[in-house]
Amino acid sequence: MDDAKIVQLYWARNEQAIPATADKYGNYCASIAKNILGNKEDSDECVNDTYLNAWNSIPPHRPSVLSAFLGKITRNLALNRYKHNTASKRGGGQTVEIFDEIAEIVSGTNGVEQEINRKELLRAIGGFLDRLPMDKKSIFVCRYWYFDSIFDIANQFGMTENNVSVTLNRLRLKLRKYLLERGYEL
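Just so you know, these numbers come straight off a predicted model, no measurement behind them. (Residues numbered from 1 in each chain as written. Predicted model: local features only at pLDDT ≥ 70, side-chain atom pairs only at ≥ 80, totals over all residues. Heavy atoms only, no water.)

Participant: Would you take a moment to explain the overall build of the chain for this structure?
Facilitator: Check the secondary structure of the chain and you find nine helices and zero strands. Ordered by position from N to C terminus, the α and β elements of the chain give α-α-α-α-α-α-α-α-α. For the chain, buried positions account for 38% of its 186 residues. In the chain, of all internal contacts separated by at least 6 residues, the share reaching a separation of at least 24 is 62%. Carbon together with sulfur atoms contributes 52% to the accessible area of the chain, which is approximately 11000 Å² in total. (Helix = DSSP H or I, 4+ residues; strand = E, 2+ residues; numbered from the N terminus. Buried < 20%, exposed > 50% of the residue type's maximum accessible area, 1.4 Å probe, protein only. Contact = heavy atoms within 4.5 Å. Areas by Shrake-Rupley, 256 points an atom, 1.4 Å probe, with all protein chains shown as cover.)

Participant: What's the story with the packing of aromatic side chains in this structure? I'm lost.
Facilitator: A ring pair, where both rings are aromatic, is described by two values, the distance of the centres and the angle of the planes. Scanning the entire structure with this criterion turns up six aromatic pairs. Judged by centre distance (6.1 Å) and plane angle (55 degrees), the ring pair of Tyr10 and Trp55 falls under tilted. One end of the pair, Tyr10, is in helix α1 (residues 3–11); the other, Trp55, is in helix α3 (residues 40–57), and 45 residues separate them in sequence. As far as burial versus exposure is concerned, Tyr10 and Trp55 are alike and both buried. Centroid distance Phe128 to Tyr178: 5.5 Å. Interplanar angle 55 degrees. Geometry classified as tilted. (Phe/Tyr/Trp six-rings, centres within 6.5 Å; stacked < 30°, edge-to-face > 60°.)

Participant: Sorry if this is basic, but what is going on with the nonpolar core here?
Facilitator: One broad trend across soluble globular proteins is that nonpolar side chains are buried collectively. Of all hydrophobic cores here, the largest spans 20 residues; its most connected members are Val164 and Leu179. Listing elements by their share of this core, those giving two or more residues are α6 (112–131), α7 (134–144), α8 (150–157) and α9 (161–181). The leading source of residues in this core is α9, at six residues. The residues touching Val164, leaving out its near neighbours within four places in the chain, are Ile139, Ile150, Ile153, Ala154 and Met159. (Core = buried A, V, L, I, M, F, W, Y, C linked by side-chain atoms within 4.5 Å.)

Participant: Sorry if this is basic, but what is going on with the packing of α7 against α8 here?
Facilitator: Each pair of packed helices can be summarised by the angle the axes make with each other and by the distance between the axes. Where α7 meets α8, the axes come as close as 10 Å, and the angle between the chain directions of the two elements is 150 degrees. In terms of their interaxial angle, α7 and α8 are classed as roughly antiparallel. Between α7 and α8 lies a crossing whose hand is right-handed. The segment α7 lies against α8, with Asp135, Ser138, Ile139, Cys142 and Arg143 engaging Ile150, Ile153, Gln156 and Phe157. (Axes fitted to C-alpha atoms, helices over the stretch in contact; angles between N-to-C directions. Parallel < 35°, antiparallel > 145°, perpendicular 65-115°, else oblique. Left-handed = near helix turned anticlockwise from the far one by under 90°.)

Structure (structure tokens):
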């Protein structure tokens, strides 16, 4: 079923929207959640919560790209679950490693100045990504948006794990330089 028909099912409050979403995007959402949480049970719960959030959000929202809409919901739910799990000393997986990689560029603190500049920073990062070749952009997004492992990225792009690590390191350095040139204090 195409996305427009699935969204229409949500708008019509037809319960078939949930199984249609699960059939088309269940694996996609599960992959996002599993990459962040590293735990099948928590990932499954996040995916189910994604369907509930989609049900509660459509309407009033009418997503133009359903996959991105669902992916964002899943990612946010998984990150919240991750924060809960690590606060309770039950966490694990590679999420801490990924946060550490990017933390030197974009601090995770919630200072007033950072909150005010958050949208500008997001636009600047988007501008940086727009200037990258598609393969480098995809590698960056796979790692820092989808939380894919170095191993999975290497397999997806036909690269060695070392090559992926070096590429990501160079991209982080370029992003740092790009942001410093635009006046961001890192």
